[in-house]
Amino acid sequence: MSVITLNDLLPGQCGRILALRGELRTVQRLMEMGLLEDETVELITVAPLGDPLEIRLRDYRLSLRREDAAGIEVQLLP
Amino acid sequence: MSLPPAPVKPHVVALLGNPNTGKTTLFNALSGLNHRVGNYPGVTVESRKGYTTCDGIPFEIVDLPGTYSLSPRSPDEMVAVDVILGQQPGESRPEVLVCIVDASNLERNLYLTSQALELGVPVVLALNMIDVAQSQGVRIDVEKLSQRLGIPVVAIQANKRKGLDELRRVIAQAVTAAPPSRTPNFPEPFRREVAALRSHLGELPEFLAQRLILDIGGYTEQRLKPRLNGIALQDIRGRLAAEGCAIPAIEARTRYLWIREALTGCVERPTERPLSWTDRLDKLLTHRVYGSLVFMVVMFVVFQSIFTAARPLMDLINSGKDAVGGWVAGLLPPGPFTSLLVEGVIDGVGAVVVFLPQILILFTFIAILEDCGYMARAAFLMDRLMSRAGLSGKSFIPLLSSMACAVPGIMSTRVIEDRRDRLATILVAPLMSCSARLPVYILLIGAFLTTNRPFWVPGLVMFAMYSLGLILAPLVAWALKRTLLRGETPVFVLEMPTYKWPSLRVVARRVFDSGWMFLYRAGSIILASMVLVWVLLNFPAGDYPQRVAAAQQAVEEAEDDTAKEAAEEEVFQLEAEWKRQSILGRVGLILEPVVRPLGWDWKIGVAALASFPAREVVVGTLGILYKKGKVDPGEIADADQEQLEKNPLVLALRDAKWDEDPTRPVYSIPTALSLMVFFALCCQCASTLAVMRRETGSWGWPLFAFVYMTLLAYLAALLVYQVGSLFFG
């Protein structure tokens, strides 16, 4: 099975974070916001122009861009 | 006589918190109206200080900028760390740190608190929005949480001012308390490296030593580079990675683990998350179709209100100003002093106050949209579009507002956290075609591009003028982000807060603050520039004041209409001569070779120079120079074509001939277009520059904006005239 990223989730789907890749400063910022390994995230919706994404994690909602979400590897949860 | 008691130096308490936690609401609730706003030197961060008493003891409250973490990447983000560590020049170190957190979103909010615990200052946790958490079924055991964290915890509702007495009491007690002893347990190898680094560098707070290791390329590293003396941070990070402490991940892992452990047993959440109002509203408001529609309607209402609802108030202010001016002029003997007072000072004050309606209306909307949580959705919807210009969705509303007026537009850029994005937005905001350009467009289009032309010409030209700003602003922003404001793009992370009813108190306070800020901080600069230009346009006065007065006397004493008309013409003639020999008039004559390639004569040049305080002034100055008396730009903006056809200034412009060739009209179509393009792109607006200076904290940026916009305007006008001349000969 190929690895999927947060970017590949469809609205309503949940995923468990496996790893964060990319530039370390970006990763640091995302981790500070609570995007850590083993956390569950749900893709709520996608902005009308296709970017950014709105996700739910740790009791709150966060919007981030596709290019940053593409560095977050997830395991699709049923 | 007894001496007054020596003033007690207040204790200093700092407020720290994530954005959207109600930090400013708490600040306002604690300090009331007793506060001072300034800028920290060298950065664009605002310093807000308030005064209050806790348990009868005077306190100074410092409102630190809202942030998600204390890992500074820029000088702006370093301010909070410097203030708390007592390293900010001119500021005393806080004796208590109040961390305000959103009770409905504790985990992420406590991340910042976990950093605050390590700064060596007593910490008090203010658990805000406890009501929202309860309504979501979240139950928090405050006492237990306080034990787990090892700091006092107070549940409050800042917007309803509940729990504040208790908070004050706890703050007063915390002054004498010891710094927190419980902090996240970083792994042993990390603590060892921090200790080693500190012993190498000496005199370095532990927190900064941590930051040196954790923030790769961060601001702490940049600032302390000279002190590192060959210590290679990469080596430290490499050693740590080998021991299983990958940098920077180790920090977030350690802190979030610690937070989760601390919260276990203190916080109960419902097992099944209920569908909240925010879920339902977001289904609609971020929906592909409906969300976009609602957004467009909201933006239309905001934009339309700034344009139209402000109008009657602005007219009222203008007529009030004229009434006061007339009253003063009637009261005092005519002379240079009276003219200075009426045309310089009173007109100047009027020019400042006239912006208030637009500012207050825009900020009412912004405050409501922000307080209820919609602002983040607006940024979400517009982000893709703005990212093409290197900006983010947060720049959209400031730029849209600038199409009504750049002054409130620039003031509203404060929602943009990233310094480079904010500066780029501020610098291009005045390119958007604001309402002050309207009189210029209408006058010139009405005079030269309407009569005997296809019906679509006026509309097309007007559209072209507005498009110019809409096209150039993103392009210039794009160019700035690649040159002057180049730098690493920060990650775009935007919290989508829970929707709530806007609080009247919060909105009123925000609107009041913005209006006051404008009057107080920008007003004096605008007024000074008005007076300066007035002086340059009226001095040396010679015997013109007396001659004009005598001629005006003749107008009043004229027995019939013919005599009256002749006398009036004499007045206008004298006024035009007077301006021509004034300092500005002479400069305009000298500068004629510079403006000639734009198709302008010296009169247009002088009018453009004199419009430095505000673009619409060009209309009034042209009126004087064309011997038609002072023309009111508001009247031109409201006039329909029929009225324009009879307007003396319109007729005079059509009649105007070059001084050296009285058969050739000055205003050809290319000249009219070049003048419009110049005013579409130039920065002839003292208010904009004054607000820019206030928002950026330096004269450098407004100066840069003025220079680049004037150059752009000149080149574009040159291009339009030269190319236009080929077609219209």
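Cut-offs used in this document
Position numbers for residues count from 1 along each chain, tracking the sequence in the order it is written. A letter from A marks each chain and a number from 1 marks each ligand, given out in the order of writing. Whole-chain, interface and lining totals are the exception, using all residues; otherwise, since this is a predicted model, local features are given only for residues with pLDDT of at least 70 and side-chain atom pairs are given and counted only at 80 or more. Being paired, for any two strands, means DSSP has found at least two bridges between them. A helix here means a DSSP run of H or I that spans at least four residues, while a strand means a run of E at least two residues long, and both kinds are numbered starting from the N terminus. Note: domain ranges come from an automatic or database domain assignment. A pair of residues counts as a contact when their C-beta atoms, built from backbone coordinates, are separated by no more than 7 Å. In this analysis an axis means a line fitted to C-alpha atoms, helices contributing only their contacting stretch, and an angle means the value between N-to-C directions, from 0 to 180 degrees. Between 65 and 115 degrees an angle is taken as roughly perpendicular, under 35 as roughly parallel, over 145 as roughly antiparallel, and anywhere else as oblique. Put simply, a crossing is left-handed when the front helix is turned counterclockwise from the back one by less than a right angle, and right-handed when it is turned clockwise. Ten residue types, Ala, Val, Leu, Ile, Met, Phe, Trp, Tyr, Cys and Pro, are classed as nonpolar, four, Asp, Glu, Lys and Arg, as charged, and the remainder, Gly among them, as polar.

Engineer: Would you mind going over the sheet that holds strand S3 (residues 40–46) of chain A with me for this structure?
Structural biologist: Adjacent strands of a sheet pair through backbone hydrogen bonds, lying either parallel or antiparallel. Taken together, seven strands build an open sheet; the order of strands is S1(A)-S6(A)-S2(A)-S3(A)-S4(A)-S5(A)-S10(B) and the sheet is antiparallel. Strands at the two margins of the open sheet, each flanked by one partner only, are strand S1 (4–5) of chain A together with strand S10 (493–495) of chain B. Note: S3 of chain A against strand S4 (residues 53–57) of chain A, four bridges, orientation antiparallel. Each bridged residue has a counterpart across the sheet, and for Glu42 of chain A the counterpart in S4 of chain A is Arg56 of chain A.

Engineer: Would you take a moment to explain the environment of Leu214 of chain B for this structure?
Structural biologist: Within the element layout of this structure, Leu214 of chain B appears in helix H8 (residues 206–214). A C-alpha to C-alpha distance of 6.0 Å links Leu214 of chain B and Ile247 of chain B, two positions 33 residues apart in sequence.

Engineer: What's the story with the domain arrangement of chain B in this structure? I'm lost.
Structural biologist: All names here are of chain B. Entries for chain B in the domain assignment read domain 1 (11–174), domain 2 (188–253) and domain 3 (290–439). On a C-alpha basis, the centroid separation for the pair domain 1 and domain 2 is 27 Å. Listed per partner, the contact involves ten residues of domain 1 and nine residues of domain 2.

Engineer: What is the right way to read the packing of helix H33 (residues 686–696) of chain B against helix H34 (residues 700–728) of chain B from this model?
Structural biologist: If you want to describe how two helices pack, look at the angle between their axes and the distance between the axes. All names here are of chain B. Closest axis-to-axis distance for the H33/H34 pair is 7 Å, and the angle between their directions is 140 degrees. Between H33 and H34, the angle falls in the class oblique. For the crossing formed where H33 meets H34, the hand is right-handed. Between H33 and H34, the contacting residues are Leu689, Met692, Arg693 and Thr696 on the first element and Trp701, Pro702, Ala705 and Phe706 on the second.

Engineer: Can you walk me through the sheet that holds strand S3 (residues 46–54) of chain B in this structure?
Structural biologist: Residue and element names in this part refer to chain B. Read across the open sheet, the seven strands follow the order S2-S3-S4-S1-S5-S6-S8; overall the sheet is mixed. In this open sheet, the two edge strands, each paired with only one partner strand, are strand S2 (35–39) and strand S8 (153–155). Neighbour to neighbour, the strand axes of the sheet diverge by 25 degrees on average, direction disregarded. Bridging between strand S6 (residues 123–128) and S8 involves three bridges; their strand directions are parallel. From the neighbouring strand, Ala126 faces S8, where its bridge partner is Val154.

Engineer: Is there a simple way to explain the packing of helix H15 (residues 356–372) of chain B against helix H16 (residues 374–387) of chain B in this structure?
Structural biologist: Residue and element names in this part refer to chain B. Two elements in contact, H15 and H16, have axes whose closest approach is 5 Å; the angle formed by their N-to-C orientations is 95 degrees. Between H15 and H16, the crossing angle belongs to the class labelled roughly perpendicular. Counting all contacts with H15, which are made through Leu369, Glu370 and Cys372, the residues of H16 involved are Tyr374, Met375 and Ala378. When the residues that make up the contact of H15 with H16 are grouped by side-chain class, the tally is five nonpolar, no polar and one charged.

Engineer: Is there a simple way to think about the interface of chain B and chain A in this case?
Structural biologist: For an interface, size is often stated in terms of accessible area lost upon the parts coming together. Taken residue by residue, the interface counts 31 residues in chain B and 28 residues in chain A. Every element with two or more residues in the side of chain B that touches chain A is listed here: helix H3 (106–116), helix H11 (249–263), helix H13 (290–331), H16 and S10 of chain B. Take the side of chain B that touches chain A: its biggest share by element is five residues, from H16 of chain B. Looking at the side of chain B that touches chain A residue by residue, the classes come out as 15 nonpolar, eight polar and eight charged. In this sheet, S10 of chain B lies alongside strand S5 (residues 60–64) of chain A in antiparallel orientation, the contact comprising three bridges. For Leu64 of chain A, the partnering residue across the bridge sits in S10 of chain B and is Val493 of chain B.

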